[in-house]
Amino acid sequence: MAGVSARAFWGLLAPAGVPDAVIGRFHAALQEALRQPALRQPLESQGVDVVASTPEAFETFLAEQAKIWTAVVREKKISAN
């Protein structure tokens, strides 16, 4: 499908209702971990682009991906059968 590019991504999700303060602490710890060469370098050496965005930016990204892939599934008439 023209204009659609599939790429792998990883992210961490939490159940609905987790307090913002908990998400904030977890995000801060994750940011710190991703700054560590011992974690970052092996990923980058395998071609991984380490992007440590905000929870809000990841939520927006996921919504955009859902919109894109919903359109692909509908246009190509893809089903689970």
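Predicted model, so just to flag it, every value in this text is computed and none were measured.

Cut-offs used in this document
Residues numbered from 1 in each chain as written. Predicted model: local features only at pLDDT ≥ 70, side-chain atom pairs only at ≥ 80, totals over all residues. Heavy atoms only, no water. Helix = DSSP H or I, 4+ residues; strand = E, 2+ residues; numbered from the N terminus. Rg over C-alpha atoms; globule rule 2.2 N^0.38 Å. Buried < 20%, exposed > 50% of the residue type's maximum accessible area, 1.4 Å probe, protein only. Contact = heavy atoms within 4.5 Å. Phe/Tyr/Trp six-rings, centres within 6.5 Å; stacked < 30°, edge-to-face > 60°. Salt bridge = Lys/Arg side-chain N within 4 Å of Asp/Glu carboxyl O.

(A) Fine view of the overall build of the chain. Looking only at helices and strands, the chain features three helices and zero strands. Going from the N terminus to the C terminus, the chain shows its helices and strands as α-α-α. A compact globule built from 81 residues would reach a C-alpha radius of gyration of about 12 Å, whereas the chain, at 16 Å, exceeds it by more than 25%. Expressed along its principal axes, the backbone C-alpha trace of the chain runs to roughly 45 × 35 × 25 Å. Counting over 81 residues, the chain shows a buried share of 9%. Taking the contacts inside the chain whose residues are at least 6 apart along the sequence as the reference set, 64% of them involve residues at least 24 apart.

(B) Looking closely at the packing of aromatic side chains. Taken as a whole, this structure holds three aromatic pairs when the rule is applied. With centroids separated by 4.8 Å and ring planes inclined at 90°, the aromatic side chains of Phe9 and Phe61 adopt a geometry described as edge-to-face. Here Phe61 lies in helix α3 (residues 55-76) and Phe9 lies in the segment before α1 (20-34), a separation of 52 residues in the sequence. By relative accessible area, Phe9 is classed as partly exposed at 38%. An aromatic cluster is defined as three or more aromatic residues linked by ring pairs; in this entry it consists of Phe9, Phe58 and Phe61.

(C) Inspection of unusual backbone geometry at higher detail. For Lys77, which is not a glycine, the phi torsion comes out positive at approximately 55°. Among the structural elements, Lys77 can be located in the segment after α3.

(D) Representation of the pattern of salt bridges. The tally for this structure, following the rule as stated, stands at two salt bridges. When the shortest N-O distance is used, the salt bridge between Arg35 and Glu32 registers 2.9 Å. Arg40 is the partner of Glu44 in a salt bridge, and the nearest nitrogen-oxygen pair spans 2.9 Å. Linking Glu44 with Arg40, this pair stays in helix α2 (residues 37-45), spanning four residues, or about one helical turn. Looking at Glu44, the relative accessible area reads 39%, which means it is partly exposed.

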